[in-house]
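Below, each chain spelled out in residue letters.
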Amino acid sequence: MYISKRGWSFIKIIIFFLCLSPFLLLINDTIQDQLGANPIQALHFNLGDWALRFLCIGLALKPLKRLTKQSWPLRFRRMMGLFTFFYASSHFLVYIVLDLSLSWEEFVDEVPKSPYILVGLFTYLLLIALAITSTKAMQKRLGKRWVQLHKLVYVAGISAVIHYLWLVKSDIGEPLIYASIMFVLLGFRLQNYIKNRKAVAALVKQRSTT
Ligand code: HEM
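Our subject in this report is the structure included herewith. None of the values given here were measured: they were computed from a predicted structure. (Residues numbered from 1 in each chain as written. Predicted model: local features only at pLDDT ≥ 70, side-chain atom pairs only at ≥ 80, totals over all residues. Heavy atoms only, no water.)

Some thoughts on the environment of Thr-209
Under the convention used in this document: Counting from the N terminus, the helices are the DSSP runs of H or I reaching at least four residues and the strands are the DSSP runs of E reaching at least two. Type-normalised accessible area, obtained with a 1.4 Å probe on protein chains alone, sets the label of each residue: buried when under 20%, exposed when over 50%, and partly exposed for intermediate values.
Its place among the elements puts Thr-209 in helix α9 (residues 173-209). Using a relative accessible area of 65% as the deciding quantity, one classes Thr-209 as exposed. Each C-alpha atom of the pair Thr-209 and Arg-78 lies 42 Å from the other, and the pair is 131 residues apart in sequence.

Some words on the side chain of Ser-134
Which entries qualify depends on this criterion: Pairing of N or O atoms within 3.5 Å defines a polar contact, subject to two protein rules: one partner must be a possible hydrogen donor and the other a possible acceptor, and residues neighboring in sequence count only if both atoms are side-chain atoms. Contact criterion: two residues are considered in contact whenever any of their non-hydrogen atoms come within 4.5 Å of each other.
Mapped onto the elements of the fold, Ser-134 is located in the loop between α5 (115-132) and α6 (136-142). A polar atom in the side chain of Ser-134 sits 2.8 Å from the backbone oxygen of Ala-131. Sequence-distant contacts of Ser-134, defined by excluding residues within four places in its chain, comprise Arg-78, Leu-82 and His-150.

Here's the deal with the coordination of the iron atom of the ligand
What counts, and what does not: Coordination shells were defined by N, O and S atoms within 2.8 Å of each metal, extended to 3.2 Å for Na, K and Ca; water is absent from the atom set, which can make sites look incomplete. Each label reflects the angles at the metal, where four donors whose angles all fall between 85 and 135 degrees are tetrahedral, four or six donors whose opposite pairs open beyond 155 degrees and whose other angles stay between 65 and 115 are square planar or octahedral respectively, and the rest are irregular.
Surrounding the iron atom of the ligand are the protein donor atoms His-91 (NE2) and His-163 (NE2), which sit 2.1 Å from the metal. Between the 6 donor atoms coordinating the iron atom of the ligand, the angles at the centre fall across 89 to 180°, so the site counts as octahedral. One end of the pair, His-91, is in helix α3 (residues 77-99); the other, His-163, is in helix α8 (residues 152-167), and 72 residues separate them in sequence. Overall, the relative accessible area of 18% leaves His-91 in the buried class. Here His-163 falls in the buried class, since its relative accessible area comes to 17%.

Details of the nonpolar core
Most often, soluble globular proteins keep nonpolar side chains buried together rather than apart. Let me state the cut-off plainly: Residues belong to one nonpolar core when they are buried, are Ala, Val, Leu, Ile, Met, Phe, Trp, Tyr or Cys, and are joined through side-chain atoms within 4.5 Å.
By size, the foremost hydrophobic cluster in this structure holds 34 residues, and its most contacted members are Leu-52, Met-80 and Phe-83. Elements with a minimum of two residues in this core: α1 (5-31), α2 (39-68), α3, α5, α8 and α9. Leave out the neighbours within four places in its chain, and Phe-83 touches Phe-16, Cys-19, Leu-20 and Phe-54. In this structure, Tyr-95, Ile-96, Val-111 and Ile-117 belong to the second largest nonpolar core, which totals 6 residues.

A few points about the layout of surface pockets
Defined as follows: In this analysis a 1.4 Å probe is tested at points of a 1 Å grid over the protein atoms alone, and where it fits but cannot get out there is a cavity; an open set with protein on both sides within 12 Å along at least five of seven lines is a pocket; lining residues have an atom within 4 Å of a point. Grid points are joined across faces, edges and corners, and a volume is the space filled by probe spheres set on the points. Residues are grouped as follows: Ala, Val, Leu, Ile, Met, Phe, Trp, Tyr, Cys and Pro are nonpolar; Asp, Glu, Lys and Arg are charged; every other residue, Gly included, is polar.
In this structure, the largest pocket occupies an estimated 1,000 Å³ of space. Taken together, 31 residues line the largest pocket, and the ones lying closest to its centre are Leu-74, Arg-77, Arg-78, Trp-146 and His-150. Ranked by the residues each element gives to the lining of the largest pocket, the list is headed by α3, at 8 residues. Here the second largest pocket defines a volume of roughly 770 Å³. In this structure, the second largest pocket is lined by 28 residues; those nearest its centre are His-44, Gly-48, His-91, His-163 and Leu-167. Those elements that provide at least two residues to the lining of the second largest pocket are α2, α3, α5 and α8. In terms of residues, the lining of the second largest pocket owes the most to one element, α2, which gives 8 residues. Of the residues belonging to the lining of the second largest pocket, the class tally is 15 nonpolar, 9 polar and 4 charged.

The structure is reproduced here in structure tokens:
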């Protein structure tokens, strides 16, 4: 089915507001005092959950392209990446501003006691690097290095799941679901990588014999 440039712009606007809606609903719930007994924790956890969900959605777009043999999923890769960054930044801000009341002493005290926070910070640093270099201009400027750099999204996926698995004390059901999704997505990527390597090796061999 042919979709014009204007059509894609319209679809992108709808998807944009769909991605923003969890944030708007959370703000609304906060204002209406609907976040339960511990609203700061609920806000913090929900934003972390959405950051991880958007990371999974972004990673699923390439496999979706292969499965559907359509290129449209890749049109949304940048938006999903930026929404991952947006939710992760909000998650971080709620922690620093509302949880720790911007207390540097508390932060320095808490981090060594909770290594999962270090893993969260590491993941966030990767997301910053990916967000800064996500523009078309950066893509052009970095050339082949851009592709290499953006493979870090897989490292971010693994470390985000480790962050979640590590912080959960008893019920690991939900983090295990994310770990399984990440396992499947990374498996898909690895399978493609091996396939491509084999194809290149076969081509080189064919050329050297002719
Ligand atoms: C910027 C650095 C980060 C810090 C300082 C941080 C810190 C935290 C803390 C303190 C918790 C709550 C732990 C508890 O009270 O038991 C948490 C939960 C969580 N974080 Fe992070 N985090 C960071 C980055 C990230 C990133 C980048 C992601 C995902 C891409 C993420 C996803 C989650 C998830 C899914 C939860 C659990 C939410 C739930 O239980 O429903 N975090 N984080």
